[in-house]
Amino acid sequence: ELPKWLVGGFSLGFQFVLILLVLPLTAAAGSFIASGIAHLLLMLVGGARRSFETTYRALTYATGGTCVLAMIPFCGGLIMVVAQVVVGAIALSRAHQTESWRAILALLIPYVLFTLCCCGLLFVLIGGLMSSPEFQKSLQDLSKQMDIPQ
């Protein structure tokens with residue numbers, strides 16, 4: 001017989017246990033992936049003078065120290081991201097004994113690429129919307145209502 005908290009499919013107790021089991025695994029995997037990307041970019045900008053282990057250790061210490069900032073209401077997540085870049089850049093530059101600009105560049109490139117991809121997707125979506133016949137018709141109806149010459 002199943003325990004009471006498990007009866008009924010995905011009950012609250014089962015979800016809690018699932019989160020307790022899955023969250024540490026995804027956090028560990030995410031930290032390895034993020035550190036791997038940072039180490040690769042640090043190698044590309046010529047700043048990786050130590051091993052991946054050094055990069056991983058520096059970034060996990062920096063992340064662990066700044067995650068508390070996420071608890072600040074409304075803007076904590078943004079403050080945490082900025083603090084992680086600042087503290088991570090200091091940690092990487094000290095751990096790899098490289099210039100600060102190389103560490104900053106290695107940490108900012110993923111954010112810049114993500115922003116550019118989002119802007120490109122936004123332009124594609126807006127272009128698709130504006131070229132649709134429904135949008136053109138509603139724009140013509142609106143210009144007729146406002147007596148705007150075409």
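This text follows the structure it describes.
Treat the numbers as computed from the prediction; the structure is a model and nothing was measured.

The next subject is the nonpolar core. Most often, soluble globular proteins keep nonpolar side chains buried together rather than apart. Counting 13 residues, the largest nonpolar core has Leu-42, Leu-59, Leu-92 and Leu-107 as the members making the most contacts within it. Put simply, the parts of the chain that give this core at least two residues each are helix 1 (12-44), helix 2 (52-66), helix 3 (76-95) and helix 4 (100-130). Discounting residues that sit within four places of it in the chain, Leu-42 has contacts with Gly-47, Ala-48, Thr-55, Leu-92, His-96, Arg-102, Ala-103 and Ala-106.

Spanning 13 residues, helix 5 (residues 133-145) covers 18 Å between terminal C-alpha atoms, matching the ideal 18 Å at 1.5 Å per step. Count one or two residues on from helix 5 and you reach Asp-147, which has phi positive near 55 degrees.

The final tally for this structure, using the stated rule, is 3 salt bridges. One salt bridge in this structure joins Arg-102 and Glu-99, with 2.6 Å as the shortest N-O distance. When the shortest N-O distance is used, the salt bridge between Asp-141 and Lys-137 registers 3.2 Å. Within this pair, Asp-141 and its partner Lys-137 are both found in helix 5, separated by 4 residues, close to a single helical turn. By relative accessible area, Asp-141 is classed as partly exposed at 31%.

One can describe the packing of helix 3 onto helix 4 by two numbers: an axis separation of 8 Å at closest approach and a directional angle of 140 degrees. As summarised for this structure, helix 3 and helix 4 are arranged oblique, according to the angle between their axes. The two elements helix 3 and helix 4 cross, and the hand of that crossing is right-handed. When helix 3 is examined against helix 4, the residues Val-81, Val-85, Gly-88, Ala-89, Leu-92 and Ser-93 are found in contact with a partner set consisting of Ser-100, Ala-103, Ile-104, Leu-107, Leu-108 and Tyr-111. Residue composition of the contact of helix 3 with helix 4, grouped by class: 9 nonpolar, 3 polar and no charged.

What follows covers unusual backbone geometry. Residue Phe-74 is not a glycine yet carries a positive backbone phi of 70 degrees. Considering the arrangement of structural elements, one finds Phe-74 in the loop between helix 2 and helix 3. With a relative accessible area of 91%, Phe-74 lands in the exposed category. Phi angles above zero are rare outside glycine, and Gln-97 is one such case at about 50 degrees. Relative to the helices and strands, Gln-97 resides in the loop between helix 3 and helix 4.

For the rest of this paragraph, the subject is the packing of aromatic side chains. For the structure shown, the criterion picks out 3 aromatic pairs. Here Phe-32 and Tyr-56 contribute two aromatic rings whose centre-to-centre distance is 4.4 Å and whose plane-to-plane angle is 10 degrees, an arrangement assigned as stacked. With a gap of 24 residues between them, Phe-32 in helix 1 and Tyr-56 in helix 2 connect regions that are remote in the sequence.

Quick look at the environment of Cys-67 now. Relative to the assigned elements, Cys-67 resides in the loop between helix 2 and helix 3. Taking relative accessible area as the criterion, Cys-67 reaches 37% and is therefore assigned partly exposed. Expressed as a C-alpha distance, the spacing of Cys-67 and Val-81, which sit 14 residues apart in the sequence, is 8.8 Å. Discounting residues that sit within four places of it in the chain, Cys-67 has contacts with Met-80 and Gln-84.

Each value, and the rule that gives it
- Residue numbering note: each chain is counted from 1, following its sequence as written.
- Given that the model is predicted, a residue must reach a pLDDT of at least 70 before its local features are reported, and side-chain atom pairs must reach 80 or more before they are shown or counted; all residues, however, enter totals for whole chains, interfaces and linings.
- To obtain the side-chain values, all non-hydrogen atoms of the structure were included, while hydrogens and water were left out.
- By nonpolar core we mean a set of buried residues, namely Ala, Val, Leu, Ile, Met, Phe, Trp, Tyr and Cys, connected to one another through side-chain atoms within 4.5 Å.
- Relative accessibility thresholds used throughout: buried, under 20% of the residue-type maximum; exposed, over 50%; partly exposed, between the two (1.4 Å probe, protein chains only).
- Only runs of H or I of at least four residues qualify as helices and only runs of E of at least two qualify as strands under DSSP, and these elements are numbered from the N terminus.
- The contact definition used throughout considers only heavy atoms, calling two residues in contact when any of these lie within 4.5 Å.
- Multiplying one less than the number of residues by 1.5 Å gives the expected span of a helix.
- Counted as salt bridges are all cases of a side-chain nitrogen of Lys or Arg within 4 Å of a carboxyl oxygen of Asp or Glu.
- An axis is simply a line fitted to the C-alpha atoms; with a helix, the fit covers only the stretch in contact. Between two such axes, the angle follows the N-to-C directions and lies from 0 to 180 degrees.
- In these notes the angle categories are as follows: under 35 degrees is roughly parallel, over 145 is roughly antiparallel, 65 to 115 is roughly perpendicular, and the rest is oblique.
- With the far helix as reference, a near helix turned anticlockwise by less than a right angle produces a left-handed crossing, and one turned clockwise produces a right-handed crossing.
- Classification convention: Asp, Glu, Lys, Arg as charged; Ala, Val, Leu, Ile, Met, Phe, Trp, Tyr, Cys, Pro as nonpolar; all other residues, Gly among them, as polar.
- Stacked, edge-to-face and tilted labels apply to pairs of Phe, Tyr and Trp rings (six-membered ring for Trp) whose centres lie within 6.5 Å, assigned for plane angles under 30 degrees, over 60, and everything in between, in that order.

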